[in-house]
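Each chain, letter by letter, is given below.
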Amino acid sequence: MTKHSITSRKLWKLGINDFNTQYFDFNKEGDLIIKEGHNIYNVRYLAEKFGTPLEILMPFAIEERLEDFLDLATALSKKVGFKGKFFYHYPMKVNQSKEVVMSVVGESAHLETSSYNELWMIKKMLEQETFNPNIRILCSGPKTDKYINLIDDLQHKGVKIFPLIEGPNELKFLQYSKYDVGIRLDVPVKTNSRWNKPIDRFGFSAKEILKMSSFKNLKILHYHIGSQIERLSDILVPIKYALDVYFKLKEKNPSLDTLDIGGGMPIPYMRTKGYPVNKIMEKIFRLIKKESEKRGVPHPNIVCEWGRYIVAPAQITVFKVIDTKAITHKASPAKKWYVIDGSFMNDLLDTWAIEQKWAMSSVNNKRDGNLNEVWLAGSSCDSDDIYKGKNGVVTLPDYNSNNGDTEPMYLVVYDTGAYQDSLAAKHCMLSSPMKVVVENGHIVVARKRESPDDVGKNFGW
Ligand SMILES: *Cc1c(COP(=O)(O)O)cnc(C)c1O
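Residues numbered from 1 in each chain as written. Predicted model: local features only at pLDDT ≥ 70, side-chain atom pairs only at ≥ 80, totals over all residues. Heavy atoms only, no water.

1. Thoughts on the site of the ligand
Next up, step 1: Near the ligand there are 15 residues, and of these Lys93, Ser227, Glu305, Gly307 and Tyr419 occur at the shortest range.
Next up, step 2: The contact in question runs from an oxygen atom of the ligand to an N or O atom on the side chain of Lys93, over 2.6 Å.
Next up, step 3: Between the ligand and the protein, one listed contact pairs an oxygen atom with a side-chain N or O atom of Ser227 at 2.3 Å.
Next up, step 4: Protein contact buries 93% of the 390 Å² of open area that the ligand shows by itself.
Next up, step 5: Residue composition of the shell around the ligand, by class: 4 nonpolar, 7 polar and 4 charged. (Near = heavy atom within 4 Å. Polar contact = N/O pair within 3.5 Å; in protein donor to acceptor, adjacent residues only side chain to side chain. Areas by Shrake-Rupley, 256 points an atom, 1.4 Å probe, with all protein chains shown as cover. Nonpolar A, V, L, I, M, F, W, Y, C, P; charged D, E, K, R; others polar.)

Now the structure itself:
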């Protein structure tokens, strides 16, 4: 490694398990590489071969991560003496790519859907006998007639599918269903998650749930407090609240045997240490065991729907810097714009929607002895299509498109595997990034680069 590559490796905290960057490094030439065991993928070569913007999906990263997570859950429940079962359900809305869903199911994950269309994809996989028929499916989200009918259809066929009741109309249909159902609790605990709203529209309050007459087959009490929950207590306090409701509800509904704690485990996007997953998991098992034993009730089964945590680190997005422009305004902490050939607003939409921050580095790294504080501008013509980093600047190697630098400069954004693809937009009729999947030494194109006509079809051209 050159001296410069060592600087970059440190600056961007590559090669560190705690930050999910164990797969990344720079080679002797200063190019970013992805390491899958003995298979090495050179990100600069991929960018040159396929063009940019380019998404690179690494299913092996999902598989390893989920396997580790499930092993951890098994080991901890043994250690703690937790007697319930532990079910991991992958929430499809986090990333519906077939490669992602196949990877998690291959590691024996169960699934959770948020819509009719997601459930339709599962139905197709079941019909083709691609999925294990014992897979368990939870259905959340508001239920349209189509969604309810599809759930009903699959229940008749013997699929283990559990609709989670979210509102009064669903309750009417499902309270006396002869199949198993769950109900969603609105947990009024304030956390510092961006998604935790003071007034939530999902589910029922504890008071409402406890007033309901007995269900025919109530199995699951579910809640979801929010995503990217960064404080440990914000995960534990809602569990305690929900457990209290669970025990009361079980008195009237003895079939109830599962507590679903939803999603929320965070990703260290900014490469600062949070709490380790083994610590939080152990606390969850201990808490549930203790509270159940206090009341002399069997330990409930646990459902966990941590989505972002499993898939975000398995994708990166590569852009090319197509121009640089000086920022002459005195008050600006950054001195230069780097204009990229993709769009934050379209393809990393959370940058715009929730001011998401990202870990970034250069891909080809010969010049990083000379770091620069810059801002990034996307290729749409929107003044909001920019990214200014966490503390008002992004630190990247210096680059001058207009004098001297002949080799193009590529940038990579890490941890783009959660939510960004399905939120993506078509502002300015820009094409989506091409997507390649790297696994077992092979590189497969999962989404071709869209032509103008492909994009135009969305608009009737
Ligand atoms: C979005 C969502 C999840 C996943 O949340 P993450 O923060 O990605 O873990 C899980 N369950 C439900 C009901 C959701 O709506």
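Now that the structure has been shown, we can carry on.
2. Some details on the side chain of Ser380
Next up, step 1: Along the chain, Ser380 falls in the loop between strand E16 (371-377) and strand E17 (386-387).
Next up, step 2: Among the polar contacts listed, one links the side chain of Ser380 to the side chain of Asp385, at a separation of 2.7 Å.
Next up, step 3: Apart from the residues lying within four places of it in its own chain, the contact partners of Ser380 are Ser343, Met345, Asp385, His427, Cys428 and Leu430. (Helix = DSSP H or I, 4+ residues; strand = E, 2+ residues; numbered from the N terminus. Contact = heavy atoms within 4.5 Å.)

3. Observations regarding helix H6 (residues 145-156)
Next up, step 1: Here H6 contains 12 residues, and its C-alpha end-to-end distance of 16 Å stays within 8% of the 16 Å for a straight helix at 1.5 Å per residue.
Next up, step 2: Turning to H6, its buried residues are Tyr147, Ile148, Leu150, Ile151, Leu154 and Gln155. Down the axis of H6, the buried side of the element spans an arc of 165 degrees, and every buried residue falls inside it. In H6, the exposed residues that point more than 90 degrees away from the buried face are Asp145, Lys146, Asn149 and His156.
Next up, step 3: On its buried side, H6 packs onto strand E6 (110-113), helix H5 (116-127), strand E7 (136-139), strand E8 (160-165) and helix H7 (168-174).
Next up, step 4: Remark: Gly158 follows H6 within two positions and exhibits a positive phi of approximately 90 degrees. (Expected span 1.5 Å × (residues − 1). Buried < 20%, exposed > 50% of the residue type's maximum accessible area, 1.4 Å probe, protein only. Arc of directions from axis to C-beta.)

4. Digging into the domain arrangement of the protein
Next up, step 1: Parsing the protein into structural domains produces domain 1 (3-59 + 313-457) and domain 2 (81-305).
Next up, step 2: Relative to domain 2, the C-alpha centre of domain 1 lies at a distance of 34 Å.
Next up, step 3: Between domain 1 and domain 2 lies a buried interface of about 1,900 Å² when both sides are counted; carbon and sulfur atoms form 58% of it.
Next up, step 4: For the domain 1 face of the interface with domain 2, the top three residues by lost area are Phe19, Ile354 and Tyr419, together amounting to 29%.
Next up, step 5: At the junction of domain 1 with domain 2, the criterion picks out 2 salt bridges.
Next up, step 6: Here Lys273 ties to Asp18 by a salt bridge, and the two come within 3.8 Å at their closest N and O atoms.
Next up, step 7: On the surface where domain 1 and domain 2 come into contact, there are 6 residue pairs in polar contact (both at pLDDT 80 or more).
Next up, step 8: The set of elements that each furnish at least two residues to the side of domain 1 that touches domain 2 consists of helix H14 (420-423) and strand E20 (434-439).
Next up, step 9: Here the residues of the side of domain 1 that touches domain 2 are counted per class, giving 15 nonpolar, 6 polar and 7 charged. (Domains from an automatic or database assignment. Buried area = accessible area lost by both parts, 1.4 Å probe. Salt bridge = Lys/Arg side-chain N within 4 Å of Asp/Glu carboxyl O.)

5. What about the packing of helix H3 (residues 59-80) against helix H10 (residues 277-295)?
Next up, step 1: Their axes nearest at 10 Å, the elements H3 and H10 cross at an angle of 45 degrees. Considering the angle they form, H3 stands oblique to H10. The handedness of the crossing between H3 and H10 comes out as right-handed. Of H10, the residues touching H3 (which contributes Phe69, Leu72, Ala73, Leu76, Ser77, Lys79 and Val80) are Val277, Asn278, Met281, Glu282, Phe285, Arg286 and Lys289.
Next up, step 2: Considering only residue class, the contact of H3 with H10 consists of 8 nonpolar, 2 polar and 4 charged. (Axes fitted to C-alpha atoms, helices over the stretch in contact; angles between N-to-C directions. Parallel < 35°, antiparallel > 145°, perpendicular 65-115°, else oblique. Left-handed = near helix turned anticlockwise from the far one by under 90°.)

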